Amino acid sequence: MLLSTGIPGLDKMLGGGIPKGYVVGVIGGYGTGKTTLSLHFISEGVRRGERCIFISFEEDEESIIETAKSFGMNLESNVRILRLEAEVVRDSFEKIENEMKTIFTDFGVERVVIDNISVLETLYSERERYKALSTFKRIVKESGATAIITSESDKDNPLHSKYGILEYVSDGLIVLRMARGGEFEEVILIAEVLKMRRMNHSRKPRPYTISERGMEVFEEAEVV
Ligand SMILES: Nc1ncnc2c1ncn2[C@@H]1O[C@H](COP(=O)(O)OP(=O)(O)O)[C@@H](O)[C@H]1O
Ligand SMILES: [Mg+2]
């Protein structure tokens, strides 16, 4: 079974959508639309009557609801928004891990977003980073939900996450990046699906925009 991301052009690039139960990494620099894409995924779930959890390391519940509203999305029902402080998660990881497990099970969650693990990763050593990410993945897998986890990209290599771990623990990987034709040309936004286990996905970079309608991916357009 495939889950629509709520972005038709991206669904086409993915070969129909995200396979149920997958953990998909979304990597991009600041302002490339990681939060916007995540909101589409959650609001599409809400529209279909699925139970959704949006975990944010960046924004408060109010701000997330407002941002969603600015895109015409309604997150009033079927959604739980959890604000996590990176330092609190680091200092009491097991407690948070148990709370997440309980909430996921009790709520019967079907779609999960963890928006921006980079702040948390910054606080960790390499080993702890891997442990934290694989724990998040395990919790999602055990719950049977489908998840998107976002991360900043590496500043020298936009196809990799900042710490190079998310791409290994995830079943699929979507990369968002900015490119500029010339010094005085407008920045264009480009989406690519770099990996999606057992799916015949497109590998072609495609342009996208973010407007008051949210993210639109032009899956038939060539990047020029
Ligand atoms: N309502 C809107 N109308 C037009 N563009 C928007 C709107 N909301 C966000 N954007 C654009 O999207 C960018 C931020 O997207 P966001 O999803 O927050 O990125 P990220 O999470 O990757 O940092 C903004 O910098 C802006 O260019
Ligand atoms: Mg963001």
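Preceding this section is the structure that the text describes.
I will try to describe carefully the structure that is included in this document. As the structure is a computational prediction, the values presented were derived from the model and not from experiment.

**Focus: the sheet that holds strand β9 (residues 187-196)**
In space, the nine strands of this open sheet follow the order β5-β4-β6-β7-β3-β8-β9-β10-β11, with mixed pairing throughout. In the strand order of this sheet, the two ends are held by β5 (79-83) and β11 (214-217), each with one partner. Direction aside, the axes of adjacent strands within the sheet are offset by 20° on average. Looking at chain direction, strand β4 (residues 52-56) and strand β6 (residues 111-115) are connected through five bridges and run parallel. Bridged to F54 within β6 is V113.

**Thoughts on the site of ligand 1**
Neighbouring ligand 1 are the residues G28, Y30, G31, T32, G33, K34, T35, T36, S70, I210, S211 and E212. Those elements giving two or more residues to the shell around ligand 1 turn out to be α2 (34-47) and β10 (206-211). Here the element with the most residues in the shell around ligand 1 is α2; it accounts for three residues. A class-by-class count of the residues in the shell around ligand 1 yields two nonpolar, eight polar and two charged.

**Topic: the nonpolar core**
Counting 58 residues, the largest nonpolar core has V24, I42, F54, V113 and A147 as its most contacted members. When sequence neighbours within four positions are dropped, the list of residues in contact with V113 reads S38, F41, I42, F54, I55, A147 and I148.

**A short note on the packing of helix α5 (residues 93-107) against helix α7 (residues 126-143)**
How two helices sit against one another is set out by the angle between their axes and by the gap between those axes. As a packed pair, α5 and α7 sit with axes 9 Å apart at the nearest point and diverge in direction by 20°. By the criterion of interaxial angle, the relationship of α5 to α7 is roughly parallel. The interaxial crossing formed by α5 with α7 has right-handed handedness. Across from F93, E97, M100, K101, F104 and T105 in α5, the residues of α7 making contact are A132, T135, I139 and S143.

**With respect to the environment of I148**
Inspection of the secondary structure assignment puts I148 in strand β7 (residues 146-152). For I148, a count of 27 C-beta atoms within 10 Å corresponds to the buried category. For the pair I148 and R111, spaced 37 residues apart in the sequence, the C-alpha separation amounts to 8.3 Å. Contacts of I148, omitting those with residues within four sequence positions, involve V24, V26, S38, F41 and V113.

Rules used in this analysis
- Residues numbered from 1 in each chain as written.
- Chains lettered and ligands numbered in written order.
- Predicted model: local features only at pLDDT ≥ 70, side-chain atom pairs only at ≥ 80, totals over all residues.
- Pairing = 2+ DSSP bridges.
- Helix = DSSP H or I, 4+ residues; strand = E, 2+ residues; numbered from the N terminus.
- Axes fitted to C-alpha atoms, helices over the stretch in contact; angles between N-to-C directions.
- Near = placed C-beta within 6 Å.
- Nonpolar A, V, L, I, M, F, W, Y, C, P; charged D, E, K, R; others polar.
- Core = buried A, V, L, I, M, F, W, Y, C linked by C-beta atoms within 7 Å.
- Buried ≥ 20, exposed ≤ 12 C-beta atoms within 10 Å, placed from the backbone.
- Contact = placed C-beta atoms within 7 Å.
- Parallel < 35°, antiparallel > 145°, perpendicular 65-115°, else oblique.
- Left-handed = near helix turned anticlockwise from the far one by under 90°.

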